[in-house]
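Below are the chains, spelled out letter by letter.
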Amino acid sequence: MNKRVENDEIDLIDVIINIWNNKLKIAAITVIFMVLLISLYYVIKPPLKAKTEILPINVFEDNLYSSYNLLIGSINKNENENKNDILYLNEINKKYLFSLFKEELQTKEIVIEAIRKYQLIDQNKFIDEDDYLKSLEKYALSLDLLKPINVDDKKRGETRLNWTIEFKINDQEKWEEALSFIDNEINKSVKNYLENNFRTTLNNLKLLEQFKLEDLNQKIEFAKNDYDIETSNRLAFLNEQASIARELNIKNNTLEVENFNTSSGGVISNLQTAKPYYMRGYSMIEKEIELIESRNNKDAFTKNLLDLEKQRRDLLEDRSIERIDKLFNSTPIIYGNNFKAAEIIYKDTEYKASISIIIVILFSGILGIIFAMFYVLISTAIQQRK
């Protein structure tokens, strides 16, 4: 029994000697294994990791919006001071444009369209349209948008100065064509958004001004109506007081004035005003009635009318919206064909193999040696059993 157990035990020295004696065979098998895997690497062509920078517009392009931004900046400030911040026109600068470009890129809709257009995924490999569309969406979602890191280069590690697109691709030429398409389509989309948003906001601002004008006209009309009502009420009151004064034969003001001597020798007069109005006398009251009825310019006596008229005049004379429209039309969004919100530098795309050839060589070598040793040991064991 003990002899059988001893025979079943593996003698490491015999194993090492066996491997050494078959070292040439092991080396040959390893080389063959490596050649096969390396050949397979070049035949299959594993995907490349492509990195492409996105650059904002430069300072010269940014300056093309300066006049427009200066005007809407002052308008927005005035609106805020007046606490009428319902609508705002956004300043257009490279930061705002880049944020719109990046947001559009992150939706992946244009990326999906580019993948389909330039056949970055072979549709023939899929059974039906649904499987293809699911794979298309999944592939598009694998696109990474990497933010800048370590821009000042004060820390160790990777430095990335600009936002970068990272994507695994198989065909460099098709990918660069797709990037060019993505760049053009996103800039078109941003341009259309800016124009449509501006027109909508501008129309709303015009409508808001129209509402303000209607409100002012209504307030002016109400002020004039209030004057007529107040004047009518006043005349009714004065006629009544005049009648009472005539009945009592009070022609002139009979309001008493009391004089008080002060310690310093001065005199203080105290006019008794709590007495009825008819005590002023019908002569004065009827004169007041005559003056009120003879007024030719009622507006001069209408409360708050002058202030309301000034507000209406200022609103009618305000040309801010027309000037904004004119300045907007002079920006690259409308004028010329050189609009850019940002730019994908697809011609400078960096490509790196997703699986390094060095890793393939090391991996194939290790697997080859392991496979060769097992082969030698198993073949030797079989021969010994025979």
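Owing to the predicted nature of the structure, the values given are computational and were not obtained by experimental measurement.

With respect to the packing of aromatic side chains
Within the structure shown, the criterion is met by 8 aromatic pairs. An aromatic cluster of at least three residues, connected via ring pairs, comprises Y68, F198 and F328. Stacked on the ring of Y118, the Lys or Arg K117 has its end atom at 5.7 Å from the ring centre. Just above the ring of Y282 sits the side chain of R246; from NZ or CZ to the centre is 4.1 Å.

Brief notes about unusual backbone geometry
At K108, a position not held by glycine, the phi torsion is positive, near 70°. Residue placement: K108 occurs in the loop between helix 6 (94-106) and helix 7 (109-117). Using a relative accessible area of 11% as the deciding quantity, one classes K108 as buried. The phi torsion at Q119 lies on the positive side, around 50°, for a residue other than glycine. Mapped onto the secondary structure, Q119 falls in the loop between helix 7 and helix 8 (129-141).

Thoughts on helix 6
The end-to-end C-alpha distance of helix 6 is 18 Å, a good match for the 18 Å that 13 residues give at a rise of 1.5 Å each. Of all the positions in helix 6, only Y96, L97, F98, L100, F101, K102 and L105 are classed as buried. Looking at the buried side of helix 6, the elements it contacts are strand 1 (48-56), helix 7, strand 2 (144-146), strand 3 (163-169), helix 9 (172-247) and strand 6 (342-344).

Some details on the pairing of strand 1
For a regular strand, side-chain orientation follows a simple rule: the groups alternate between the two sheet faces. Inspection of the sheet shows strand 1 paired to strand 3 by 7 bridges, in the antiparallel sense. Following the sheet pairing, I54 is matched in strand 3 by W163. Here strand 1 pairs with strand 6 via 3 bridges, running antiparallel. Bridged to L55 within strand 6 is E343.

Conventions adopted
Residues numbered from 1 in each chain as written. Predicted model: local features only at pLDDT ≥ 70, side-chain atom pairs only at ≥ 80, totals over all residues. Heavy atoms only, no water. Phe/Tyr/Trp six-rings, centres within 6.5 Å; stacked < 30°, edge-to-face > 60°. Lys NZ or Arg CZ within 6 Å of the ring centre and 35° of its normal. Helix = DSSP H or I, 4+ residues; strand = E, 2+ residues; numbered from the N terminus. Buried < 20%, exposed > 50% of the residue type's maximum accessible area, 1.4 Å probe, protein only. Expected span 1.5 Å × (residues − 1). Contact = heavy atoms within 4.5 Å. Pairing = 2+ DSSP bridges.

Such coordinate-based values are descriptive only and should not be taken to indicate function.
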